[in-house]
Amino acid sequence: MSSLSRAQSETIGFVLIFALVLAGAGLTVAIGGAGIADTQDSNEYQRAENSMTLFDSRAAMVALGDANAQRVSLGHDDGDISVREETGWMRITHANYSGTGDTEVIFNETLGSVVYESDRGTIAYQGGGVWKLEQAGQAQMISPPEFHYRGATLTLPAIQVTGDGAASGSVDLTVTPRQQARLVYPNATDATENGTGAPYDETDSDYINPVRSGTVNVTVHSEYADGWESYFRKRTTGNTTRVGENTVTLTLATTEGAPGEFRIPPAGDSVNAGAIHGGHPITDFDVTLDINKTKPHFSFYAEEDGKDFEIHVYSDVNKNDDCVPSDKEAHVSVYYYNGSGGQYESWESDALNPADTDGMEWVCADGDLKLHVDFVSDDITMTYDQIGKDGNFDPKIDDPDNGDSTGTTLGNKWAFNKDMDTYSLRTPTVWDQHDSITYEMGDGKTYYQNDTDNPDTETLNEVTNHYLGLMGTEVDLVAKDGPGESGPVLEGNSQGRLLYEEGAGSKYVTYLHVTKNEIEIRLD
C-alpha cells in the first residue's frame, strides 16, 4: 500500500469515528431531552394536583360559609383551565317513603366542575372533591367530595359550580358565594307541588328526621363516575350500583328506629325495632296491659336468623277483682335460644305483688284494671332456671304446657312452650358476647341452675338487655296473649314504650342533612 493510500485511510477513519461520536452525543441529548421533558410534564401534572387540592379546600370555605371569597393561583406553564357549569349532576331520592311505592325527588341539580387538562390527563374539581382521569385509565379520587356518613347520619352539602371561561398557563381563580347552605332536608318551607323538594308529593308531609321507611338513593352522573363509585364502596356498605357508563347510585336503607311510645298491636302483629345498637342498648321498655280475662298471659316474642327470644308476663288476677287488688301476683320470664345445640336459656322472677314491687304497678283507669311492668327494672330479680314448677326455683305460677295455639301466634301460653319441652336448659351459661359490657369481657360471667338456697340471679334490666341485644339490629317483636285465643288482654287499650341507643351501621340512614351551596368561579 502506498503512503497516499495509508493517509487517505487514516483520514476516513478519523471522520467515521468523529461521526459516530457526534451521533452518540446527539442520541444522548435526544434521549436525555425526552427524559427531562417527561419529568417536567410529570412535575407539572403533580403541581396541578396540588393546586387543585388547595383550590378544593378554599372553595369549601366559601361554599360552606366560612369565607366570603377566596383566590387561588394556578401557576402552570402547560395545560388548560376551564369552568364548566353544565357538567355532571346529582339526584337524591327517597323511594317508597309512604309504603306504597312512591318516590320523592329531594334534590336534582347539576354539579359543574373546574377542569385542568394536559397531555398527561385531566384533573377536576367537582362535588367538593378532586378527581383525576389519566389517558386510557379509570377516574380516581384525589380528595374526597363533600359527603359525610357516620353513625347512620348522612350529611351532604351539595356544592354547585357556576361560571364559564377558559385559560392557559398561569391562571388565578377567584371563588365567591352565590348561595350558602340553603336547607334542602330537613325542610318544611319549599312548598312545591308534585316536584323536587318539600313537601312529600303524595303525603304532603314535611321533610323531617328521623327518616323512616323505604330507601334513600344518591345518584351521581359524572365523567369521574369510577372515582365516585370507589368512594361510595369504601365509605359505606350501602348498595352501590353502576347504572350507566358515567352514572353510579348509592342506596341506603332506612330503618324504623326505636318505636318510642306505641299502642300494643293485636296478637300476631308486631312492633318493629330497628337500628338497635350493640351491647346493652335498651333504656326504656315497659307495657301497661288492660286486663280483660282472668289469669292473663302476655308476651313479646321474636324470631331472627334462627334465634328465638320471648319476654313474658303472667298474673293470677281476676278481671272482676278490685281495681287495685292487694293480694294478686305477677310473674316475668325471659326465654332465649341461640339457634343451635338444643339448649335454651331462661330466667324467671318470683311471684311478685305489683302493689309493693318497684318495677310493677296496678293501674286503675276509669274503672279498668291495668298491669304495668317495666322490663328494664333494676328492682325485679330474675333467677336462672327452667320456667315454672319444672325448675329448681318454683314461683308457684301457671306453667308452660305443650298446648298448641289456636290463633295467629306461636304456642299456647308461652310462644316457645314446645321448645321448652323439647330442648334442655343450658347450665352453666356464660355471658361473654358483648365486649362493651365490663362483666362480659374476657371470660365473661357464668350462671348456673342452682338450688333455691343459692340461686344465680340477675336484674331484669340486665337480662332483657343481654338477650334482646343478641337478637341483632333489626327485631320484630310479635305481640302474643293466651291461653289460645281467649283474649285476656285488650291490646287496643294497652300501651307500650321501647327506647334504646340507635346505631344501625353503615348501610342504613336515619338522619339526612342536605344543603345546596352555589359558588361562582372567575378566571383572571
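As shown above, the structure is provided for reference.
Residues numbered from 1 in each chain as written. Predicted model: local features only at pLDDT ≥ 70, side-chain atom pairs only at ≥ 80, totals over all residues. Heavy atoms only, no water.

Turning our attention to helix α4 (residues 460-469). In terms of burial, α4 is a largely internal element, 9 of the 10 residues being buried. When α4 is considered as a whole, its buried residues turn out to be Leu460, Asn461, Val463, Thr464, Asn465, His466, Tyr467, Leu468 and Gly469. (Buried < 20%, exposed > 50% of the residue type's maximum accessible area, 1.4 Å probe, protein only. Helix = DSSP H or I, 4+ residues; strand = E, 2+ residues; numbered from the N terminus.)

According to the stated counting rule, one finds 17 salt bridges in the structure shown. Between arginine 242 and aspartate 226 there is a salt bridge, with the nearest N and O atoms lying 2.9 Å from each other. One end of the pair, arginine 242, is in strand β14 (residues 239-244); the other, aspartate 226, is in helix α2 (residues 225-235), and 16 residues separate them in sequence. In this structure, the salt-bridge partner of lysine 445 is glutamate 458, at a minimum N-O distance of 3.2 Å. On the criterion of sequence distance, the pair formed by lysine 445 in strand β28 (residues 445-447) and glutamate 458 in strand β29 (residues 457-459) is long-range, its members being 13 residues apart. (Salt bridge = Lys/Arg side-chain N within 4 Å of Asp/Glu carboxyl O.)

Any pair of aromatic rings gets described here by the distance separating the centres and the angle formed by the planes. According to the stated counting rule, one finds 24 aromatic pairs in the structure shown. Ring geometry for phenylalanine 285 and phenylalanine 375: centres 5.0 Å apart, planes at 70°, overall edge-to-face. Placement of phenylalanine 285 in strand β18 (residues 282-290) and of phenylalanine 375 in the loop between β24 (368-374) and β25 (381-384) is noted, with a sequence separation of 90 residues between them. For the pair shown, phenylalanine 285 and phenylalanine 375 are each scored as buried. Ring centres of tyrosine 335 and tyrosine 344 lie 5.2 Å apart, and the angle between their planes is 35°; this geometry places the pair in the tilted category. The same class applies to tyrosine 335 and to tyrosine 344, which are both buried. Each residue in the set Tyr336, Trp347, Tyr384, Trp431, Tyr439, Tyr447 and Tyr467 is aromatic and connected to the rest through ring pairs, giving one cluster. We note lysine 445 situated over the ring of tyrosine 439; from NZ or CZ to the ring centre the distance is 5.2 Å. (Phe/Tyr/Trp six-rings, centres within 6.5 Å; stacked < 30°, edge-to-face > 60°. Lys NZ or Arg CZ within 6 Å of the ring centre and 35° of its normal.)

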